[in-house]
Amino acid sequence: MSNVCIITGGAGSMGLGAAEAIGKELGMKIVLGDISEEAIDKGVAKLAEAGVEADGFVADARNQEEAAQLVAYAAKTGTLKGLINLAGISPKGGPDYHVSYKLVFDIAVCGTVFCSQEAAKAMTEGGCIINISSTSPFLVPAGTMQEDLYPLAAEDFSGFLDKMHAALAASGDEQTARNYAYMWGRRFIIWYTEWLACQVGKQNIRVVSIGPGVVDGPMVEESGLNLARMSAIGRTGRPEELAAVYAFMLSDKASYISGTNLMVDGGIVAAIHNIKR
Ligand SMILES: NC(=O)c1ccc[n+]([C@@H]2O[C@H](COP(=O)([O-])OP(=O)(O)OC[C@H]3O[C@@H](n4cnc5c(N)ncnc54)[C@H](O)[C@@H]3O)[C@@H](O)[C@H]2O)c1
């Protein structure tokens, strides 16, 4: 049986880049989990052309039942060894593109928590879970992102969600709440990565988060390009530059790395810290 890696949001730009690198470098079979069937079909075909064995499963990562179905499907096709929680959307609304703060927060946070919980149960031979943070939590002072509420997520996840939604609703106008939803969600993911790593480490499951900088793809906007320009290396990242890091983290070469957040951002956070000095 092949080793299998699930990539949620896998039909997106970073997801497909990751799938190709992991398939080619590690010989893993890929299951693209995404809400867009059309994008999955195109992605699977593109990966086949690149010689990567891939399959797809339509699932909304923020729905617990669908997350469980996605993991059960992947685990039937081989030995589940990897999960990358890439499902996410931009907090920017627009005339044809309306998103709510709950949607922004829940896709990132519920998607990560539900898919990780299910995958950890199915990784009977160990494995690696990669979560996605961002530069956004580093743009504001620590202690301003409802961090006090995070431990509640471990005991009463729906109570935690209610409290975070209420705090977001009270944070300002709709666009402000969406921006905070993105930032607070990604900060929570860094906390959750540390917490989960300690729960599953003895089962030989490693958990890490990766913080992409501004990576070429549909989510990039002018504000992101400005961040990229002021970064240490002064440019955006390419999906393949992130893909190489995901493949490394999933490999045995990273066997001593767990419970940590690695920024792969061309030095955006470094530049922010430098300005503050
Ligand atoms: N691109 C960047 O600069 C950047 C930077 C930091 C973090 N991120 C995060 O990395 C992830 C991937 O980014 P990308 O550039 O590949 O974005 P993308 O828009 O190309 O891909 C995101 C994919 O997620 C899917 N998706 C959306 N909602 C979903 C849901 N509920 N369940 C399952 N799939 C869902 C979409 O259909 C899409 O295929 C996102 O979570 C994003 O927030 C991106």
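Model, not experiment: these values are computed from the prediction.

Basis of the calculations
- Residues numbered from 1 in each chain as written.
- Predicted model: local features only at pLDDT ≥ 70, side-chain atom pairs only at ≥ 80, totals over all residues.
- Helix = DSSP H or I, 4+ residues; strand = E, 2+ residues; numbered from the N terminus.
- Rg over C-alpha atoms; globule rule 2.2 N^0.38 Å.
- Buried ≥ 20, exposed ≤ 12 C-beta atoms within 10 Å, placed from the backbone.
- Axes fitted to C-alpha atoms, helices over the stretch in contact; angles between N-to-C directions.
- Parallel < 35°, antiparallel > 145°, perpendicular 65-115°, else oblique.
- Contact = placed C-beta atoms within 7 Å.
- Nonpolar A, V, L, I, M, F, W, Y, C, P; charged D, E, K, R; others polar.
- Left-handed = near helix turned anticlockwise from the far one by under 90°.
- Near = placed C-beta within 6 Å.
- Pairing = 2+ DSSP bridges.
- Right-handed = clockwise from strand over helix to strand, strands pointing away.

K.L.:
Quick one: what's the story with the overall build of the protein, residue by residue and with numbers?
P.N.:
Tallying secondary structure elements over the protein gives ten helices and seven strands in all. Scaling as 2.2 N^0.38, a compact globule of 277 residues should have a C-alpha radius of gyration of about 19 Å, and the protein matches this with 18 Å. Scored against the burial criterion, the 277 residues of the protein give a buried share of 47%.

K.L.:
Which residues make up the packing of helix 6 (residues 157-169) against helix 7 (residues 174-200), and what values go with them?
P.N.:
The interhelical angle for the contact between helix 6 and helix 7, taken along N-to-C directions, is 140 degrees, at an axis separation of 9 Å. When the axes of helix 6 and helix 7 are compared, the pair comes out oblique. Where helix 6 abuts helix 7, its residues Met164, Leu168 and Ala169 lie against Ala177, Tyr180, Ala181 and Trp184. Its residues assigned to classes, the contact of helix 6 with helix 7 comprises seven nonpolar, no polar and no charged.

K.L.:
Break down the packing of helix 1 (residues 13-26) against helix 2 (residues 37-49) for me, with residues and values.
P.N.:
Two quantities define a packed helix pair, namely the angle between the axes and the distance from one axis to the other. Between helix 1 and helix 2, whose axes approach to 10 Å, the crossing angle comes to 30 degrees. With respect to the hand of their crossing, helix 1 and helix 2 are arranged in right-handed fashion. Between helix 1 and helix 2, the contacting residues are Leu16, Ala19, Glu20 and Gly23 on the first element and Gly43, Lys46 and Leu47 on the second. Split by residue class, the contact of helix 1 with helix 2 holds three nonpolar, two polar and two charged.

K.L.:
Account for the site of the ligand, naming residues and giving values.
P.N.:
Taken together, 29 residues are adjacent to the ligand, and Gly9, Gly12, Met14, Gly88 and Gly217 come closest. At the level of secondary structure, the elements contributing two or more residues to the shell around the ligand comprise helix 1 and helix 4 (101-122). Looking at which element gives the most residues to the shell around the ligand, the answer is helix 1, with three residues. Residue composition of the shell around the ligand, by class: 16 nonpolar, ten polar and three charged.

K.L.:
Now, about the sheet that holds strand 3 (residues 54-58): what can you tell me, with residues and values included?
P.N.:
In space, the seven strands of this open sheet follow the order 3-2-1-4-5-6-7, with parallel pairing throughout. The open sheet has two free edges, formed respectively by strand 3 and strand 7 (260-264), since each of these has just one partner strand. Neighbouring strand axes in the sheet, compared pairwise and without regard to direction, differ in orientation by 25 degrees on average. In this structure, strand 1 (residues 3-8) lies alongside strand 2 (residues 29-34), joined through five bridges in parallel fashion. Bridging from a neighbouring strand, Ile6 pairs with Val31 of strand 2. Each of strand 5 (127-132), strand 6 (205-212) and strand 7 is contacted by helix 7, which is oriented at about 165 degrees to strand 6, the strand it contacts most.

K.L.:
Provide a residue-level description of the pairing of strand 2, including the pertinent values.
P.N.:
Extensive coverage of strand 2 is indicated by the burial of six of its six residues. With burial as the criterion, each face of strand 2 is covered, one bearing Lys29, Val31 and Gly33 and the other bearing Ile30, Leu32 and Asp34. Handedness of the crossover is the feature at issue here: the chain leaves strand 1, passes through helix 1, returns alongside strand 2, and the resulting connection is right-handed. Two elements, strand 2 and strand 3, share five bridges in a ladder whose sense is parallel.

K.L.:
A description of unusual backbone geometry should follow, citing residues and the corresponding values.
P.N.:
Across residues other than glycine, the phi torsion is negative in most instances, and most of the peptide bonds are trans. The phi dihedral of Gln146 falls on the positive side, at around 60 degrees, and the residue is not glycine. Take Gln146: it is sitting in the loop between strand 5 and helix 5 (150-155). Unusually for a residue other than glycine, Asn204 sits at a positive phi of about 65 degrees. Within the secondary structure, Asn204 is located in the loop between helix 7 and strand 6.

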